[in-house]
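Here are the chains, one letter per residue:
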Amino acid sequence: MSFSPQIIEHFSNPQNVGELDNPDVTAFVGNPVCGDQIHLYAHIVDDQITKCTFLAYGCTASLATASILTSAICGLHLDAVALIDEAKVIELAGGFTPSQRHCATLGQDVLRSLVHNYRTGSNDGLSGSLQTCQ
Amino acid sequence: MQHSMPSSRRIYLDHSATTPLAPDVMNCMTHHLRTFGNPSSIHEFGEAARDQVELARRHVARLLSVEADEVIFTSGGSESLNLAIKGVVATSKHRPCHVITSQIEHAAVLETCRHLEAHGHEVTYLPVSSGGLVDPDAVRRNLRPHTQLISVMHANNEIGVIQPIEEIGAIAHAAGIPFHTDAVQTVGKRPINVAMLPIDLLSLTAHKFYGPKGIGALIVRNGTRIQPLIHGGSQETGLRAGTENVLGIIGLGAACELAYHELADETWQTHRQRLRDRLYEGIMQLDGVQVNGDLNHTVHGLLNVSFRGIKGDAIASALAFQGIAVSTGSACHASERKASHVMVALGLSDEWRYSTIRFSLGNYTTADEIDQTIAVVHQVVNRLRSMLPTTKVI
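Residues numbered from 1 in each chain as written. Chains lettered and ligands numbered in written order. Predicted model: local features only at pLDDT ≥ 70, side-chain atom pairs only at ≥ 80, totals over all residues. Heavy atoms only, no water.

**Student:** Quick question: what am I supposed to make of the sheet that holds strand β6 (residues 179–182) of chain B here?
**Tutor:** The strands that make up a sheet are held in pairs by hydrogen bonds between backbone atoms, and each pair lies either parallel or antiparallel. All names here are of chain B. Strand order in this open sheet of 7 strands is β2-β8-β7-β6-β5-β3-β4, and the pairing throughout is mixed. Of all strands in the sheet, those with a lone pairing partner are β2 (71–74) and β4 (122–126), marking the two edges. If you compare each strand with its neighbour and ignore which way they point, the axes differ by 20 degrees on average. Bridge analysis of strand β3 (residues 98–102) against strand β5 (residues 147–151) gives 3 bridges, and the strand direction is parallel. Residue pairing across strands places I100 opposite I150, the latter belonging to β5. (Pairing = 2+ DSSP bridges. Helix = DSSP H or I, 4+ residues; strand = E, 2+ residues; numbered from the N terminus. Axes fitted to C-alpha atoms, helices over the stretch in contact; angles between N-to-C directions.)

Here's what the structure looks like:
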């Protein structure tokens with residue numbers, strides 16, 4: 001199993017781990033097949049992410065992806081976050097092997113969920129929907 | 001951002017996957033790099049190679065207490081296992097015939113058995129206890145009039161549990177059925193006196209006990225009926241056609257010779273066991289840890305552990321990034337979450353079956369390496385658990 005330097009770095013030294021106090025929005029995506037999950041917590045001011053943290057369960061690449069995304073979106077406007085697709089997640093992670101590709105979907109979906117939840121005033125909690133990564 | 005790689009530490013705890021060449025074995029092989037003759041040739045070049053092949057055969061035979069002509073060289077464990085199973089079934093007058101094996105065999109046995117099933121034969125895959133042991137009575141209960149072979153591994157490659165092969169072999173012999181054991185994980189690591197055991201066929205491979213890769217052997221006790229898989233030459237008494245892998249055979253012989261002397265000195269076995277116990281005690285200080293397989297029946301030096309809440313892949317990677325090499329039994333893909341068939345057979349719940357790590361120690365593992373490993377495991381497990389959602393749904 002090979003990993004990009006970004007994945008090794010963020011997996012070994014994860015950034016922004018933990019829950020935020022009084023988050024403005026939360027998001028949760030899980031893959032019911034492989035079991036991987038990412039929970040995001042964010043503070044948002046004027047549609048701009050001022051802080052984002054995560055908790056996650058999963059494989060090496062999933063955990064690293066969560067850390068990479070929280071670092072990447074801090075300071076971004078929600079419109080820019082909404083534009084982060086699978087290809088961008090792959091770029092941010094420095095590339096995935098075929099068996100790691102599901103992390104791109106997981107990453108894209110959790111960011112879209114974050115934006116959607118904030119704009120609709122909803123949050124993914126315990127009953128957050130599980131989305132299937134294909 | 002500080003980069004934690006690369007680590008200058010290099011601790012190898014994956015000896016059940018493969019072992020490094022022992023210096024004695026390497027020296028022996030290096031010495032014979034120019035021994036290029038074909039052992040089947042009648043001239044002196046051939047004779048020189050033939051002498052080395054036969055010397056190696058005697059070394060294998062001495063290690064296992066069999067006759068030299070009962071040693072058939074192969075390309076390794078998988079070929080030996082295929083030859084044993086398909087080769088015995090091919091001699092059967094029954095169509096279909098029946099084979100008994102266990103659910104926790106190596107894939108080379110399980111896939112070979114599935115191949116037989118695809119060709120109309122019948123296979124019984126015996127379950128194991130929660131500790132990983134095959135019940136000999138289950139073997140007896142599953143005998144059929146057309147049972148042609150019983151194949152149960154000596155020690156499992158993931159959990160190291162040693163099976164009651166003496167009892168199972170005795171049941172097989174009482175029923176007039178040949179008994180094969182996959183001893184890939186035990187040859188060279190513990191004494192095996194085949195002459196004193198009810199074993200007709202035994203598979204081994206050199207690279208699990210400090211020999212080279214690509215070479216192994218099948219022990220075929222005299223009188224055992226078996227057909228070759230590879231045709232086209234009279235090598236290996238017609239059971240394995242093809243010019244011999246002379247250098248590999250020399251390496252296998254040297255590894256067997258080394259093991260013969262080391263096994264005579266119990267220090268080596270107690271060394272691995274003492275370090276395994278040290279590792280066990282250190283790891284069990286963590287919460288949410290479970291040992292897989294009955295520790296009272298495992299090969300020396302192997303410890304299979306599950307860490308609740310963490311994927312095995314993540315722990316193995318975290319250790320690898322810190323220079324510690326171990327194995328995990330599970331694989332992660334978006335389209336499937338595949339647990340080890342051994343963990344499934346043990347009856348492990350989802351909570352445990354995807355979080356397994358195998359530590360396998362070797363002759364040259366040190367106490368300091370074990371202490372470093374314990375410290376890193378604690379650090380890694382605590383770090384990974386700190387990321388865990390409190391509402392984890394798996």
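**Student:** Would you mind showing me how to read the domain arrangement of chain B here?
**Tutor:** The accessible area lost on association of the parts is a frequent measure of interface size. All names here are of chain B. Assigned domains of chain B: these are domain 1 (11–21 + 266–387) and domain 2 (32–263). Spacing between the C-alpha centres of domain 1 and domain 2 amounts to 28 Å. Tallying the contact residues gives 29 residues for domain 1 and 32 residues for domain 2. Approximately 2,500 Å² of surface area, both sides summed, lies buried where domain 1 meets domain 2, with 51% of it carried by carbon and sulfur atoms. For the pair domain 1 and domain 2, the interface holds 0 salt bridges. Linking domain 1 to domain 2 there are 17 residue pairs in polar contact (both at pLDDT 80 or more). Breaking the side of domain 1 that touches domain 2 down by element, the ones donating at least two residues are α8 (267–283), β10 (302–307) and α10 (341–346). Sort the elements by how many residues they give to the side of domain 1 that touches domain 2 and α10 lands first, with 5 residues. (Domains from an automatic or database assignment. Contact = heavy atoms within 4.5 Å. Buried area = accessible area lost by both parts, 1.4 Å probe. Salt bridge = Lys/Arg side-chain N within 4 Å of Asp/Glu carboxyl O. Polar contact = N/O pair within 3.5 Å; in protein donor to acceptor, adjacent residues only side chain to side chain.)

**Student:** What is the right way to look at the side chain of H39 of chain A in this model?
**Tutor:** Residue and element names in this part refer to chain A. The topology assignment puts H39 in strand β2 (residues 37–45). Residue classification places H39 among the buried residues on the basis of a relative accessible area of 5%. Of note is the side chain of H39, whose polar atom sits 3.5 Å from the side chain of Q37. (Buried < 20%, exposed > 50% of the residue type's maximum accessible area, 1.4 Å probe, protein only.)

**Student:** Teacher, can you tell me more about the confidence of the model for chain B here?
**Tutor:** For chain B, mean pLDDT is 94; residues scoring 70 or higher make up 95% of the total. Here residues 1–5 of chain B scores under 50 on pLDDT; set against residues more than four positions off or in separate chains, the count is 15 contacts. (pLDDT = per-residue confidence, 0-100.)

**Student:** Looking at this structure, how should I read the pattern of salt bridges?
**Tutor:** Residue and element names in this part refer to chain B. The tally for this structure, following the rule as stated, stands at 16 salt bridges over all chains. E236 is paired through a salt bridge with R57; the nearest N and O atoms lie 2.8 Å apart. Placement of E236 in the loop between β8 (216–220) and α7 (246–263) and of R57 in helix α2 (residues 44–64) is noted, with a sequence separation of 179 residues between them. R57 matches E236 in its accessibility class, with the two residues each being buried. We note a salt bridge from E351 to R308, for which the minimum N-O separation is 3.8 Å. Taken together, the positions of E351 in helix α11 (residues 350–353) and R308 in the loop between β10 and α9 (312–321) put the pair 43 residues apart, joining distant regions of the chain. Several salt bridges converge on common partners, so that one network encompasses E54, R57 and E236.

**Student:** Just checking my understanding: could you explain the packing of α8 of chain B against helix α12 (residues 367–386) of chain B for this structure?
**Tutor:** The description of two packed helices rests on the angle between their axes and on the distance between the axes. All names here are of chain B. Where α8 meets α12, the axes come as close as 9 Å, and the angle between the chain directions of the two elements is 20 degrees. It follows that α8 is roughly parallel to α12 by the angle criterion. Judged by the sense of rotation from one axis to the other, the crossing of α8 with α12 is right-handed. Side by side, α8 and α12 meet where L275, R278, L279, G282 and I283 of the first sit next to A367, I370, D371, T373, I374, V377 and H378 of the second. In terms of residue class, the contact of α8 with α12 is made up of 7 nonpolar, 3 polar and 2 charged. (Parallel < 35°, antiparallel > 145°, perpendicular 65-115°, else oblique. Left-handed = near helix turned anticlockwise from the far one by under 90°. Nonpolar A, V, L, I, M, F, W, Y, C, P; charged D, E, K, R; others polar.)

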